[in-house]
Amino acid sequence: MKMTILPDADAVARQAATIVAAEAREAVAARGRCILAVSGGHTPWYMLGVLAREDLPWDSMHIVQVDERVAPAQHPDRNLTHLRDSLLAHAPLRPEHIYAMSVESAELETAAERYARTLQQIAGVPPVLDLVHLGLGPDGHTASLVPGDPVLNVTDSDVALTGVYQGRRRMTLTYPILNRARRVLWLVTGNDKVDALARLRQADTSIPGGKIHRDQAVVLADQAAAGTN
C-alpha cells in the first residue's frame, strides 16, 4: 500500500483524477476498455468533475457503482444522482456506459443478482475491475461493508445487500470482487478519519477496510485525515 499525504481535500481530488486518468489510458491501451468502480462522497464527486475535463478515450470507459443507498430515483441520497451530475453532465461518456445499481426494484435480492451478471458481461467471469475507488468511514467501513453487518461474510457473490445503516439499506460490491481489482484507490479526507486511517495503514482486519488487499492499493489522504495539520 502506497500513501501520499496532500494539503487538503481538493488536492486529494485533483491528484486522484490524475491517477484515474493515467490508469484509464493504460487499461484501454492494454485491454481496449477501462472499467472504473466509483464510491460516493464529496471528494470523489469533485474528483469526477476534474476527470470529466481530461482528454480520455471516453467511448471505452465503463463506470460501475461500488455501492448505492436504497432510495428513490434522483434522490440526493443516491450516489447515482451525484455521479451523473459530476461526470455524465460534463464528459463525453456514453450514458449506457454508466451501470446503475437497481435499488428501486421491489425485488432487491434479484436486482443484486442481476447487477452481478452485468459485471460479468462487461468485466469477465469472474469480473475484474481495472480501478476501484474507495472511501473510508470513521468507523472503518468502506463501500457499504459496515461493521457487524452479515455482508462482511459474503464470499459467493460479487454484489450483496446490507441491513439498515445510517437510515437506509445499501447494495454493495463485496470483498471478492473488490479484492480482484487491478488497482484500488483510497481517498481519505477529514479529521474524523485519523483513527480509521491509522488502522487501515496497519492492516487492522477488525475494521472492514482492513480486509481490502493492499498489494495494488494507493491511498491519497489530506493532512487532516493523516493527523499532520
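Because the structure is predicted, anything quoted here is derived from the model rather than measured.

Draft legend 1. Molecular detail of the nonpolar core. One finds V64, L129, L134, V159, L173 and W186 to be the most contacted residues of the largest nonpolar core, which totals 44 residues. When neighbours within four sequence positions are excluded, V159 is seen to be in contact with M101, A112, Y115, A116, L119, M171, T172, L173 and T174. If you look at the next biggest cluster of nonpolar residues, it comprises 36 residues, including L36, M47, L51 and L220.

Draft legend 2. Structural view of helix α6 (residues 194-201). Turning to α6, its buried residues number three or more, namely A196, L197 and L200. End-on, the buried residues of α6 take up no more than an arc of 95 degrees, which puts them together on one face. On its buried face, α6 is in contact with β1 (2-6), β9 (184-188), β10 (217-222) and α7 (223-226). Count one or two residues on from α6 and you reach A203, which has phi positive near 55 degrees.

Draft legend 3. Region of the structure containing the environment of A21. On the secondary structure map, A21 appears in helix α1 (residues 9-31). For A21 and L56, which are 35 residues apart along the polypeptide, the C-alpha to C-alpha distance reads 7.0 Å. If we ignore the near neighbours within four places in the chain, the residues touching A21 are L51, E54 and L56.

Draft legend 4. Seen up close, the packing of α1 against helix α2 (residues 42-51). Their axes nearest at 8 Å, the elements α1 and α2 cross at an angle of 50 degrees. Our classification of the angle between α1 and α2 gives oblique. Crossing of α1 over α2 shows right-handed handedness. Where α1 abuts α2, its residues A9, D10, V12, A13, R14, A16, A17, V20 and A21 lie against T43, Y46, M47, V50 and L51. Across the contact of α1 with α2, the residue classes tally to eleven nonpolar, one polar and two charged.

Cut-offs and rules
Residues numbered from 1 in each chain as written. Predicted model: local features only at pLDDT ≥ 70, side-chain atom pairs only at ≥ 80, totals over all residues. Heavy atoms only, no water. Core = buried A, V, L, I, M, F, W, Y, C linked by side-chain atoms within 4.5 Å. Buried < 20%, exposed > 50% of the residue type's maximum accessible area, 1.4 Å probe, protein only. Contact = heavy atoms within 4.5 Å. Helix = DSSP H or I, 4+ residues; strand = E, 2+ residues; numbered from the N terminus. Arc of directions from axis to C-beta. Axes fitted to C-alpha atoms, helices over the stretch in contact; angles between N-to-C directions. Parallel < 35°, antiparallel > 145°, perpendicular 65-115°, else oblique. Left-handed = near helix turned anticlockwise from the far one by under 90°. Nonpolar A, V, L, I, M, F, W, Y, C, P; charged D, E, K, R; others polar.

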